[in-house]
Amino acid sequence: MKVLKFGGTSVANATNIKLVLEIVQQQAQQDQLIVVVSALSKVTDLLQTAATKAAASDETYKTLVVEIEKKHLDTIKDFIPVSQQSGVLSHIKRIINHLETLLEGCFLLGELSPRTADTILSFGELLSSYIIAEALKQSVPTAAYKDSRELIKTNSNFGKATVNFESTTTLISNFFKANKSPITVMPGFIASSNEGITTTLGRGGSDYTAAILAAAVNATELEIWTDVNGMYTANPKIVKQAQAIATISYQEAMELSHFGAKVIYPPTIQPVLQKNIPILIKNTFEPTAEGTFISNNAVANGNPVKGISHIDNITLITLEGPGMIGVLGSSKRLFETLSQANVNIIFITQASSEHSICIGILNSDATLAVEAVNKTFEIEIAQNKVEPCMVESNLCIIALVGENMKNHQGLSGKMFSTLGKNNVNIRAIAQGASERNISAVINERDVKKALNTLHERFFEDNTKQLNLFVMGVGNVGEKFIVQINQQNKFLKENLKINLRVIALSNSRKMIFDEEGIDLQSWKGLLENGEKADQQLFIEQVKNLNLRNSIFVDITANETVSQTYTHYLKESVCVVTCNKIACSSAFDNYKNLKNLSRRYNAPFLFETNVGAGLPIIDTVKNLVASGDKVNKIQAVLSGSLNFIFNNFDSNNTFHDVVKEAGVQGFTEPDPKIDLSGIDVARKILILIRESGYQMEIEEIENESFLPAECMATKNNEDFFRSLTQHASQFEAILAEANAKDSRLKFVAQFENGKASVGLQFIPKDHPFYNLEGKDNIVLFYTDRYVDQPLLIKGAGAGAAVTASGIFADVIRIGNV
């Protein structure tokens, strides 16, 4: 014999009930069945609301009764032929009339007793089970209906009655020995006291009914049919990558259910656990799916963690004080007080010093609990031996669950380090001696990030999801997006990195999509986005609170560079090609580096110097390995190198600068490149990364541009001034030709002094043959004395700069 239970969504409407009938009829061909059903979807809520309104003398309860009646009458008309509807309709009408009488009594008396509430709530299951039984009889005439109240006996604790298993088991056993119907339909959730008064079994009552019946008849299996494909590794509504669990032990299932996995309710398992009856969780809407098999013999799949779950709306209450140390009975008094106040304790942890006890309860119980505990310990509080209860609300408990966790070292460390890396602060920790679960209390706003981060760590083959918030989609930004789109599949398959662009912004518009922006159509989406606002952009990044968040700055904007502190303090990584932050005041540069370390949020800016060349990374490695940089010589402007390599008697200085802009080698404002300030910033960053303290004002900048060119206010005036001063640039070129040299804009650092400026480079110098837009850097260190460490390659261009930014993002993914 099997017991099948169908929940509210499975019997929500005629379409769903038809699926239930098909499943039952198919299984009845192999096994004798007991079918337990919940109330039709939302009916229990309607009954509860109607009762509450009636007790409050609100006549609108009558409207809800009409809605309940119509819902059931419509269902009858869908399944019962017109010729046979009369008897069924009259039975349903009698039940509705009884309901109306009870509600009218509540209305007249202005009260709702627990006993009456149980009777009112029972009507949902009484109505649905009778209708489904009658519908089954249309195809299986020998199907039977049995009222659960006649078989399941409880005490009179209305609302959550305790089952008398001895008498209940006898009644069920005797009934089914005599009853040979292939299918018996029964209402879930309801029972009766020894006096015959209707009671209910509390939350998860229909599952509990099914388990009680399965245990009493020694069923071969208990099947719980719901609207998901079994129990999941995490809540699939929060964690999109959650996977159905094929097999799981009773104990693991109870742990997951306790911590919020709502597929089953923990007491459900207890009756069948004692009889070692397996439970199968199945999907009514996908009956061929494997589902989850719960038994004592769960098969290990190599992963010691079976699932991650959570409980929302938690308040932590801490009782502490020197008067608790070594004092017998403090814990007893605390727990006894809460028990007497009917406050359920969900989480407990105590310091080994006995100085404090911390408990987790539901937010709704917090006020009552605090008042009761402070009252119990009022003498100790008055004597300053114990502090009044400390209360922290709006928290959440997350838990790793797995039967084999006790046999694996380091799981706690992995759990807490994973959370820490994503700035998820842990308020309290608890772990049972069985080591079947590790629980932690966190802020409620962090729950989505925490669950996804942990799921990624323990279930997704170590695939790391990186969430990018990109500001700046010009030449470089556009190339960056193209590269991400091209490489996404490769990164997933080879580096286990899943890149998602969550936000894009330019100077006019911005868009956010928590599920990831479609990179095929991002331009149109951005054009139709909301008005760009840097402060709103920051707030949205904070509010989304996604794991592995990275802010990518692809601008040359000073205001944007001033926002990095906001991101780093939220453990949002920063990747930037914007040189302003790292070349600003040394204290600001140092603060950003410190924030990065403090909040475990990488701050990477490889493209600040040399575009995609690994220059900064090389310096970091030199310093980290104990080497000391003593001297730097470099050509650090790809745009200036391009300009002076192409400036000759056939190409005017004006035309070459124009062409550099067209090819994307210069900044939008070319004066930034030609003034030398861009090169000064770059050498300053290399100096600082080499371990020296220096400000931009200390760098000597020998500008080759006339003052009139530098004084222009826009690009049009600037290019006009280049034409007006063409003779000055031609004179510089002539001098270089006369010296058989080439013009290079060189940055230098030695003996604590730095300079940038145009130099005449002779043929025997390494810089002489530097072509196109290439950069070159020579590092003279304690280890590289006679022959410097040389890095050379393309140092400008949208594609190489974008690839450098991309490389920094991948570095974060590989951390």
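Above: the structure in question.
Residues numbered from 1 in each chain as written. Predicted model: local features only at pLDDT ≥ 70, side-chain atom pairs only at ≥ 80, totals over all residues. Heavy atoms only, no water.

Engineer: Before we go on, may I ask you to explain helix H2 (residues 43–55) in this structure?
Structural biologist: For the α-helix, the turn length of 3.6 residues means that residues three or four positions removed from each other point alike. In this model, H2 (13 residues) spans 18 Å end to end at C-alpha, consistent with the 18 Å of a helix rising 1.5 Å per residue. Taken as a whole, H2 has its buried residues at Val43, Leu46, Leu47, Ala50, Ala51, Ala54 and Ala55. Down the axis of H2, the buried side of the element spans an arc of 160°, and every buried residue falls inside it. Those residues of H2 that are buried are in contact with helix H3 (61–79), helix H4 (85–109) and helix H5 (114–137). (Helix = DSSP H or I, 4+ residues; strand = E, 2+ residues; numbered from the N terminus. Expected span 1.5 Å × (residues − 1). Buried < 20%, exposed > 50% of the residue type's maximum accessible area, 1.4 Å probe, protein only. Arc of directions from axis to C-beta. Contact = heavy atoms within 4.5 Å.)

Engineer: What exactly am I supposed to notice about the pairing of strand S29 (residues 774–781) here?
Structural biologist: The side chains of a regular strand alternate between the sheet's two faces. Counting buried positions over the 8 residues of S29 gives 7, a clear majority of the element. Examined bridge by bridge, S29 and strand S30 (residues 789–794) share 6 bridges and lie antiparallel to one another. Residue leucine 778 lies in a different strand from S30, and its bridge partner there is leucine 790. (Pairing = 2+ DSSP bridges.)

Engineer: Sorry if this is basic, but what is going on with unusual backbone geometry here?
Structural biologist: Unusually for a residue other than glycine, serine 57 sits at a positive phi of about 60°. As for its position among the elements, serine 57 is in the loop between H2 and H3.

Engineer: Would you mind showing me how to read the packing of helix H13 (residues 411–421) against helix H14 (residues 447–459) here?
Structural biologist: Two measures define how a pair of helices packs: the angle their axes make with one another and the distance between the axes. The contact between H13 and H14 brings their axes to 9 Å, and the two run at 135°. In this view, H13 runs oblique relative to H14, as classed from their interaxial angle. For the crossing formed where H13 meets H14, the hand is right-handed. Listed contacts from H14 to Leu411, Lys414, Met415, Thr418 and Leu419 of H13 are Ala450, Thr453, Leu454, Arg457 and Phe458. (Axes fitted to C-alpha atoms, helices over the stretch in contact; angles between N-to-C directions. Parallel < 35°, antiparallel > 145°, perpendicular 65-115°, else oblique. Left-handed = near helix turned anticlockwise from the far one by under 90°.)

Engineer: What is the right way to read the sheet that holds strand S3 (residues 144–145) from this model?
Structural biologist: Neighbouring strands of a sheet are bound in pairs by backbone hydrogen bonds; such pairs are parallel or else antiparallel. Across the sheet, which stays open at both edges, the 8 strands sit in the order S3-S5-S2-S1-S8-S10-S11-S9 with mixed pairing between neighbours. Looking at strand neighbours, the two that pair on one side only are S3 and strand S9 (247–249), the edges of this open sheet. Pairing of S9 with strand S11 (residues 292–295) involves 3 bridges; the strand directions are parallel. Note on S11: the bridge partner recorded for serine 249 is serine 295. Against the sheet, helix H1 (residues 14–27) engages strand S1 (2–6), strand S2 (33–37), strand S5 (183–187) and strand S8 (221–226), with an angle of about 175° to S1.

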